[in-house]
Amino acid sequence: MSRIGRLPVEIPAGVEVKLADGNHITVKGPKGTLERDLPKEMEVAMEDNTIVVKRPNDLKKMKSLHGLTRTLVFNMVDGVVNGFTKTLEVNGVGYRVQAAGQKLTLNLGFSHPVEMEVPAGLEAKVEGNKIHITGINKELVGQFAAEVRDKRRPEPYKGKGVKYENEHIRRKVGKTGKK
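About the criteria used
- Residues numbered from 1 in each chain as written.
- Predicted model: local features only at pLDDT ≥ 70, side-chain atom pairs only at ≥ 80, totals over all residues.
- Heavy atoms only, no water.
- Helix = DSSP H or I, 4+ residues; strand = E, 2+ residues; numbered from the N terminus.
- Expected span 1.5 Å × (residues − 1).
- Contact = heavy atoms within 4.5 Å.
- Polar contact = N/O pair within 3.5 Å; in protein donor to acceptor, adjacent residues only side chain to side chain.
- Phe/Tyr/Trp six-rings, centres within 6.5 Å; stacked < 30°, edge-to-face > 60°.
- Lys NZ or Arg CZ within 6 Å of the ring centre and 35° of its normal.
- Pairing = 2+ DSSP bridges.
- Axes fitted to C-alpha atoms, helices over the stretch in contact; angles between N-to-C directions.

J.: In this structure, what is going on with helix H2 (residues 138-150)? I would like to understand it.
T.: Because an α-helix packs 3.6 residues into every turn, residues spaced three or four apart end up facing the same way. Between its terminal C-alpha atoms H2 stretches 18 Å, which fits the 18 Å expected from 13 residues at 1.5 Å a residue. Residues of H2 that are buried in the fold lie against strand E7 (84-91), strand E9 (103-107), strand E10 (114-117), strand E11 (122-127), strand E12 (130-135) and strand E13 (161-164). Taking the backbone nitrogen of Glu 139 as reference, a side-chain oxygen 3.1 Å away marks Asn 137 as the first, capping residue of H2.

This is the structure we're talking about:
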C-alpha cells in the first residue's frame, strides 16, 4: 500500500470540494478556486470531512498514480487555504530586479534587460535582491520560479546569477597563476 496514497486528505473549515464525473475536482477556499482532472483510474471519494483515494489493483502504474493523486488533491486544498511561495535571490554586481504590475524586469549582465510577464494567478514582489513568487497553484509557482532562475543560472566560480533562497551552490576554485 502506498504510504502517502492511503492517507486521507482533511478538508478544513471554509473549504468547499466538489467531485464530478471523470474525476474532475473543484476546490474552493478563502484564497481562490482550483480545478483539475485527476487520473481516471483512481477512485476518489468524499467521506465525512476527508477525501480518500483508492486504487483498483496493485499494478506498478496504479501504485505510482495512487500517491500522485493524493498529493495533487492535498496541494489543491493546501493552496486555497495557505498558498505557496518560492523565494529567489539575485546575486552579482549590477544585477537588479524590478516589478511593475504583472511585469518583472531583470538586469542580469546582458546587453539588454530581460522582461518577463507574470502569469495570471501569481504575484511577484521584489525586496532588494529577493523575488517572492506567490500563488495558490503549487505547480504554477514552481514553474515560473524555474523559468526566472533559467534566465541566468548561478555559476560555480563566483556564485553570480539567480538562485533559490535555500539553494546551495557548489563553488569551484578558479585558476592559479604560474610560478
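J.: How should I be thinking about the packing of aromatic side chains in this particular structure?
T.: For any pair of aromatic rings, the description consists of the separation of the ring centres together with the inter-plane angle of the planes. Counted under the stated rule, the structure contains zero aromatic pairs. Above the ring of Tyr 164, the side-chain terminus of Lys 86 is found at 5.2 Å from the ring centroid. Positioned over the ring face of Phe 110 is Arg 152, at 4.3 Å from the centre of the ring.

J.: I keep staring at the pairing of E11 and nothing clicks. Help me out?
T.: Two faces, one strand: in a regular strand the side chains alternate between the faces of the sheet. Two elements, E11 and E12, share six bridges in a ladder whose sense is antiparallel. Bridge pairing in E12 links Val 126 to Ile 131. Linkage of E11 to E12, two consecutive antiparallel strands, is achieved through a turn of two residues, within which Gly 128 is found at a positive phi near 65°.

J.: It is not clear to me how the sheet that holds strand E5 (residues 43-47) should be interpreted in this structure. Could you clarify?
T.: Within a beta sheet, neighbouring strands are joined by backbone hydrogen bonds and run either parallel or antiparallel to one another. Pairing in this open sheet of three strands is antiparallel, and the strands run E1-E6-E5 from one edge to the other. Either end of the sheet is taken by a strand with one partner, and the two such strands are strand E1 (9-10) and E5. Bridge count between E5 and strand E6 (residues 50-54): five bridges; the pairing is antiparallel. Residue pairing in the sheet places Met 46 in a bridge with Ile 51 of E6.

J.: I tried to follow the sheet that holds strand E2 (residues 16-20) on my own but got confused; where do I start?
T.: Strands sit in the order E2-E3-E4 across an open sheet of three strands; the sheet is antiparallel. Bordering the open sheet on either side are E2 and strand E4 (32-37), each of which pairs with just one other strand. For this sheet, the mean inter-axis angle between neighbouring strands, taken without regard to orientation, is 10°. Across the face of the sheet, helix H1 (residues 60-81) comes into contact with strand E3 (24-29) and E4 while running at roughly 20° to E3.

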